[in-house]
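Each chain, letter by letter, is given below.
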Protein chains: 2
Amino acid sequence: MTEARTEDDAIRVAVSAVIFSLRASDDGDRLMLPLVRRTREPYRGLWALPGGWLGVHEDLDAAAAHTLADTTGLTPSYLEQLYTFGDVDRSPNRTISVVYWALLRSDLVDAQRSAAGAPENVEWLDVDAIPPLAFDHNRIAAYALDRLRNKVGYSRIAAGLLPDEFTLAELREVYETVLGRRLDPSNFRRLLEGSGELVPTESFRTGNHRPARLYRYCSES
Amino acid sequence: MTEARTEDDAIRVAVSAVIFSLRASDDGDRLMLPLVRRTREPYRGLWALPGGWLGVHEDLDAAAAHTLADTTGLTPSYLEQLYTFGDVDRSPNRTISVVYWALLRSDLVDAQRSAAGAPENVEWLDVDAIPPLAFDHNRIAAYALDRLRNKVGYSRIAAGLLPDEFTLAELREVYETVLGRRLDPSNFRRLLEGSGELVPTESFRTGNHRPARLYRYCSES
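Owing to the predicted nature of the structure, the values given are computational and were not obtained by experimental measurement. (Residues numbered from 1 in each chain as written. Chains lettered and ligands numbered in written order. Predicted model: local features only at pLDDT ≥ 70, side-chain atom pairs only at ≥ 80, totals over all residues.)

Turning next to the overall build of chain A. Assigned secondary structure in chain A consists of five helices and nine strands. Going from N to C terminus, chain A has its helices and strands arranged as β-β-β-β-α-β-β-α-β-α-α-α-β-β. Taken along the three principal axes of its C-alpha coordinates, chain A extends 65 × 35 × 30 Å. The buried share among the 221 residues of chain A stands at 30%. Within chain A, contacts between residues at least 6 apart in sequence are counted, and of these 63% link residues at least 24 apart. (Helix = DSSP H or I, 4+ residues; strand = E, 2+ residues; numbered from the N terminus. Buried ≥ 20, exposed ≤ 12 C-beta atoms within 10 Å, placed from the backbone. Contact = placed C-beta atoms within 7 Å.)

Two quantities define a packed helix pair, namely the angle between the helix axes and the distance between the axes. Residue and element names in this part refer to chain B. As a packed pair, helix α3 (residues 137-152) and helix α4 (residues 168-179) sit with axes 9 Å apart at the nearest point and diverge in direction by 145°. Remark: the crossing between α3 and α4 carries left-handed chirality. Between α3, through L148, R149 and V152, and α4, the contact on the second element is made entirely by Y175, V178 and L179. Class assignment for the residues of the contact of α3 with α4 results in five nonpolar, no polar and one charged. (Axes fitted to C-alpha atoms, helices over the stretch in contact; angles between N-to-C directions. Left-handed = near helix turned anticlockwise from the far one by under 90°. Nonpolar A, V, L, I, M, F, W, Y, C, P; charged D, E, K, R; others polar.)

Rotating chain B by 180° and translating it 0.1 Å along the rotation axis places it on chain A, where the RMSD comes to 0.1 Å. Such values leave the two copies arranged in the relation of a two-fold axis. When the interface residues of chain B are mapped onto chain A, 100% of them again fall at the interface, so both copies present the same face. (Least-squares fit on C-alpha atoms with pLDDT ≥ 70 in both.)

See the structure below:
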């Protein structure tokens, strides 16, 4: 990642990704993102977003997906370009970073990590407790989190964080975790049932509580 | 724009802009964008979006603004990064293009153009009659138009296309022009008056019709 480039006028192009998932913690499900411990200068030893250089024969979208797979062993259920960061002073060498953001269903994270052989220098950290990161990656992570919180309000983005079928309570908990605040259960139910976005299934979640109907998002709306 | 680069692995970074304004035509106000006639290969003689190379000592946002000023003499009232286009085959030499989009109040276009000395190879074209453009610029223009049409629905983006004060009919016409369809005047009035976004002024637009009250957007909402 730190090979010297001799051309004075060279601008290097990196691709990075911010991936969100809900992960179990002592404190219930938390919104987390995977970070990679840097093994080289600059910022050796600090956490950074997963990323790499754009290959000259590679489309941007493809680079984002394979960089993510290489650094973390993860294949997200949703991957979208977020923003390109290009301030002159964001890196010791002039580098612009095309940033993608992704959602990963929590039930797939562990399966993917065992299949790929989880890289040792990757760790999931709570979005509310991100340490100082390399480069301008704190700013990038904050920007991605802001986008996620805005987007969850007016779209079915929560579907990227859940299995195909879920109870209304589970869906509400996703919203609560992402937004970082409690929502009124009856208002939430009324809003979602009235949205025409959810389809009730014939299945129920059973357990300690009374059975709760499972829903899925309708395929097109 | 076409200097050969010798490094096999070089990826070049361009900055382009899609600027929208409402311009008078025989057919009433139309949504238009400025295009630049290319004077060099590749695509010599074709229209292209205003743009240029990112300077190695230049922030991305600054490059977008000054590129726009250099190629068109325009300073938009609103300039925002849109998307970075980076398919391998989008240009004969590997080039990623960081695209910005902008809105320009129609009353400022002519003033700015006369002040700057309007470049001869720039022309405003109707968004519904864009000819085949250089590179993937048709795709980029379509993407920007889509974003504008989506955004006008849930934000005060129309303010970037209007003078500070306007009648409700003028505001409705902006929406109609951008969306490409008629809106019901009484529904529109009710919706906007109920939104809390508009502040009535004490001024009226007079002319051939009965006087119409001028409104402005409230400064923060």
